[in-house]
Structures are given as C-alpha cells and as structure tokens.
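# A structural walkthrough
Okay, here's what each chain looks like letter by letter:
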Amino acid sequence: MAKRVFFSFHYQDVIDFRANVVRNHWLTKPDRQSAGFFDSSIWEDAKKTSDLALKRLINSGLKNTSNTCVLVGSDTYNRRWVSYEIMKSLEVGNHIFCVHINSIKGKDQKTKPLGENPLYYLGVSFSDDGKKVNLHDFINNKWIKYPDLEGWNVKEVDKELIGKIHRLSEAFEIYDWIDNNGYNNFSNWVK
C-alpha cells in the first residue's frame with residue numbers, strides 16, 4: 001500500500017527543478033502504488049505568511065503522513081522551516097530519511113556538490129529521569145536549545161541515552177537520488 005510522504009525542502013531546489021524530479025517521479029510509473037507514496041507537500045500554498053501560520057500549515061501538512069523525506073540541496077541544512085519540519089516529524093513519529101538531490105541535473109543541466117546533511121545539525125537529549133525529549137540546534141559549532149518547538153514527554157528511555165545530545169544523522173538514513181537509484185528504490189526507503 002502506498003504511504004503518504006511529507007517532503008521537506010528548500011524552495012530554491014524547486015525553482016532549480018531538482019526537488020521536482022523526486023516529488024514527481026511517480027508520474028512515469030503505472031500508478032502511485034508502484035511508486036510507493038503520495039506527496040503531501042505544502043509549500044505551493046505557503047508563500048509568505050506569519051511564523052505561527054507557517055507552523056500551523058506544516059503541522060497540518062504532516063497529518064496523516066508516516067514518512068518525511070528531506071530533499072537535501074546546497075542550503076537545505078540551514079533553512080529554519082526545514083528544521084522545524086524535521087523536528088515536528090520526529091514529534092509525530094514519522095520515519096525520516098534524507099535524499100541528496102544535487103546530483104540531479106538542474107534546469108541549467110548541471111549538477112552541484114552535495115549539500116550538508118540537515119540531520120547533522122539537529123539533535124535530541126533526554127531529561128535526567130528519561131521521560132522528556134529535549135531538542136537542540138547545532139549553530140556556530142555549539143549546541144543550543146531548539147527555538148521553534150518544545151520537547152515532549154516520553155514513557156522512558158534507556159539510561160545509556162541520558163546525558164548526551166544525539167545527532168539525528170546518527171539515527172536516520174541519507175541516500176543519493178542518482179548513486180542510490182532513487183527512481184527505482186524510493187519505495188524501499190519509505191516505511
């Protein structure tokens with residue numbers, strides 16, 4: 001059964017065409033079932049609005065999705081709303097994975113060096129009793145409290161996880177659309 005996937009990306013990568021290759025690859029397959037997903041992107045509706053309205057739009061876009069695919073271009077890692085989409089995806093329990101898209105030829109028919117993994121710059125830690133998730137942002141080579149979302153309560157985590165910030169890049173996969181044959185393998189990356 002096809003899953004609903006929320007796509008997180010820097011809008012410049014839509015303009016450059018790379019994000020569209022991944023989001024629309026199902027169009028050349030017999031049906032969405034064989035592609036393995038439905039696109040739940042929101043940014044066509046976003047334009048420019050208030051922070052609260054953008055958070056509500058993202059939260060609404062994540063409803064009824066089980067996966068978040070972060071399309072990694074050159075500047076994705078330092079985009080505020082991409083970080084929020086990732087952290088909110090973590091909170092709602094989505095399976096998160098990243099796909100490098102700079103290996104895809106842009107509308108200029110050129111590729112770019114791979115962008116940095118945005119998950120490397122986001123982390124979680126746990127309260128001393130292991131019952132609360134705290135969120136962190138890695139800025140200027142140091143961890144700060146993540147500003148756009150509070151942590152949340154959990155039942156309890158293993159004691160060995162307490163006392164350290166864990167980068168999200170340690171927990172979630174990153175693929176390359178070209179090198180990992182995303183056209184044929186994307187449905188395997190979706191859980």
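Above this text is the structure in question.
Residues numbered from 1 in each chain as written. Predicted model: local features only at pLDDT ≥ 70, side-chain atom pairs only at ≥ 80, totals over all residues. Heavy atoms only, no water.

## With respect to the side chain of N67
Quick note on the threshold: Secondary structure elements are taken from DSSP: a helix is a run of H or I of four residues or more, a strand is a run of E of two residues or more, and numbering for both begins at the N terminus. Residue burial is assigned from relative accessible area. The probe radius is 1.4 Å, only protein chains are included, and a residue is buried under 20% of its type maximum, exposed over 50%, and partly exposed in between. Polar contacts, as counted here, are pairs of nitrogen or oxygen atoms within 3.5 Å of one another; within protein the pair requires one atom able to donate a hydrogen and one able to accept it, and residues that are adjacent in sequence qualify only if both atoms are side-chain atoms. When checking whether two residues touch, look at their non-hydrogen atoms; a contact exists if any pair is within 4.5 Å.
With respect to the helices and strands, the residue N67 is situated in strand β3 (residues 67-72). Its relative accessible area of 0% is what places N67 among the buried residues. A polar contact of 2.8 Å, which involves the side chain of N67, links it to the backbone oxygen of K191. Setting aside anything within four residues of it in sequence, one finds N67 in contact with K3, R4, V5, F6, N94, H95, F97, W189, V190 and K191.

## Looking at the pairing of strand β7 (residues 142-145)
Convention followed: We treat two strands as partners when DSSP finds at least two bridges between them.
Where strand β6 (residues 132-139) meets β7, four bridges bridge the pair, whose relative direction is antiparallel. Bridge pairing links D137 to I144 in β7. As consecutive antiparallel partners, β6 and β7 are separated by two residues, and within that stretch N140 has a phi angle of approximately 50 degrees, a positive value.

## A word on the layout of surface pockets
We count it as follows: Think of a 1 Å grid over just the protein atoms. A cavity is a set of points where a 1.4 Å probe fits yet cannot get out, a pocket is an open set with protein on both sides within 12 Å along at least five of seven lines, and lining residues have an atom within 4 Å of a point. Grid points are joined across faces, edges and corners, and a volume is the space filled by probe spheres set on the points.
Roughly 230 Å³ of internal volume is contained in the second largest pocket. Looking at the second largest pocket, it is lined by 16 residues, and the ones nearest its centre are Y77, N78, D137, F138 and I139. Only α6 (80-92) and β6 provide two or more residues apiece to the lining of the second largest pocket. For the lining of the second largest pocket, the element with the most residues is β6, which contributes three residues.

## A short note on the packing of helix α5 (residues 51-62) against α6
Going by this rule: With axes taken as lines fitted to C-alpha atoms, and helix axes fitted only over the stretch in contact, angles between N-to-C directions fall between 0 and 180 degrees. If an angle is under 35 degrees, it is roughly parallel; if it is over 145, roughly antiparallel; if it lies from 65 to 115, roughly perpendicular; otherwise it is oblique. By convention, the crossing between two helices is left-handed when the near helix turns anticlockwise from the far helix through less than a right angle, and right-handed when the turn is clockwise. Only Asp, Glu, Lys and Arg are considered charged, only Ala, Val, Leu, Ile, Met, Phe, Trp, Tyr, Cys and Pro nonpolar, and every remaining residue, Gly among them, polar.
Relative to each other, α5 and α6 sit at 45 degrees, their axes nearing to 10 Å. With respect to α6, the axis of α5 lies oblique. As for how α5 packs across α6, the hand of that crossing is right-handed. Judged by residue contacts, D51, L54, K55, I58, N59 and L62 of α5 engage R80, W81, Y84, E85, K88 and S89 from α6. Partitioning the contact of α5 with α6 into residue classes produces five nonpolar, two polar and five charged.

## Let's talk about the state of the cysteines
What counts, and what does not: In this description, a disulfide is simply a cysteine sulfur pair whose atoms lie within 2.5 Å.
Under the counting rule described, the total for this entry stands at zero disulfides. For C69, which is in no disulfide, the shortest distance to another cysteine sulfur is to C98 and amounts to 7.6 Å. Overall, the relative accessible area of 0% leaves C98 in the buried class.

These values are about where atoms sit, not about what they do.
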